[in-house]
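# Reading the structure
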Amino acid sequence: MLLPTANGRTPHTHVRRIDAPWPQATVLELMAAELRIGELETALCEARAAAFTDTLTGALNRRGFDDAHRRELARARRSGSSMALALIDIDDFKRLNDTLGHHVGDQALVHLVKVLRAALRPSDILCRFGGEEFVLLLPETELNAAAAAISRFQRQLAAHAIPGTGAVLTFSAGVVMQEVGEALDHTILRADAATYAAKRAGKNCVITG
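From a predicted model like this one, the values you see are computed outputs, not experimental measurements.

## Description of the overall build of the protein
If you tally the helices and strands in the protein, you get 6 helices and 5 strands. Listing each helix as α and each strand as β along the protein from the N terminus yields α-α-β-α-α-β-β-α-β-α-β. Look at the contacts in the protein between residues 6 or more apart in sequence, and 62% of them connect residues 24 or more apart. Roughly 13,000 Å² of accessible area belongs to the protein as shown, and the carbon and sulfur atoms make up 57% of that amount.

Here's what the structure looks like:
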């Protein structure tokens, strides 16, 4: 308790704060903890990417595509925009494997994804659906524009042989629009039917459904 002086004023005590440096060991421990947190965050991002990505081609796998499709579908519903979907099936892939080997078959899949990615818009979504089949989602794209884009991709693919082989890939494709309220599985089934029609029409062509 502070008592007043003779003049009636209460004296003030001045306290000086001294920030003592942390011990060096503590600083090192904090730095190590921050580094570890950064490593864990990186590992988590890599694990998430691996869970959603096809290990061979780097395209999305079906789980990754489902996740991306949900986001794009919600965006399309909010904006009222259209969304096209294409199913791409490499022509004569079994014969390629049988004649040149499965290693070249794997190279062909990687080559297809590389060529497509170079031609796609940032908003387009590519998925390896299974085997030699790929699904391509084209947001804010009408049917005719989507079919024209897929035909352009075919020409670009034909201009680039599989590295080290001289073999050129072709593919058949079915293109459809996802209808309002339509389940993704049903949209893919319609695209698949259009793809089979393209195969029957002579391959290396695009059919809309």
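Moving on from the coordinates now.
## Here we look at the layout of surface pockets
In this structure, the largest pocket spans a volume of roughly 200 Å³. As for the largest pocket, its lining consists of Leu73, Ala76, Arg77, Gly80, Ser81, Ser82, Met83, Met177, Gln178, Glu179, Val180 and Gly181. Per element, the largest residue contribution to the lining of the largest pocket is 3 residues, and it comes from helix 2 (residues 62-79). Within the lining of the largest pocket, the residues separate by chemical class into 5 nonpolar, 5 polar and 2 charged.

## As for empty space enclosed by the protein
Counted according to the given criterion, the structure contains 1 cavity of 30 Å³ or more. Of the volumes computed, that of the largest cavity is approximately 30 Å³. For the largest cavity, the full set of lining residues is Asp89, Glu133, Asp192, Thr195, Tyr196 and Lys199. Among the residues making up the lining of the largest cavity, the classes are represented as 1 nonpolar, 1 polar and 4 charged.

What counts, and where the lines are drawn
- Residues numbered from 1 in each chain as written.
- Predicted model: local features only at pLDDT ≥ 70, side-chain atom pairs only at ≥ 80, totals over all residues.
- Heavy atoms only, no water.
- Helix = DSSP H or I, 4+ residues; strand = E, 2+ residues; numbered from the N terminus.
- Contact = heavy atoms within 4.5 Å.
- Areas by Shrake-Rupley, 256 points an atom, 1.4 Å probe, with all protein chains shown as cover.
- 1 Å grid on protein atoms, 1.4 Å probe; cavity = no way out; pocket = protein on both sides within 12 Å on 5 of 7 lines; lining within 4 Å.
- Points joined across faces, edges and corners; volume = space filled by probe spheres on them.
- Nonpolar A, V, L, I, M, F, W, Y, C, P; charged D, E, K, R; others polar.

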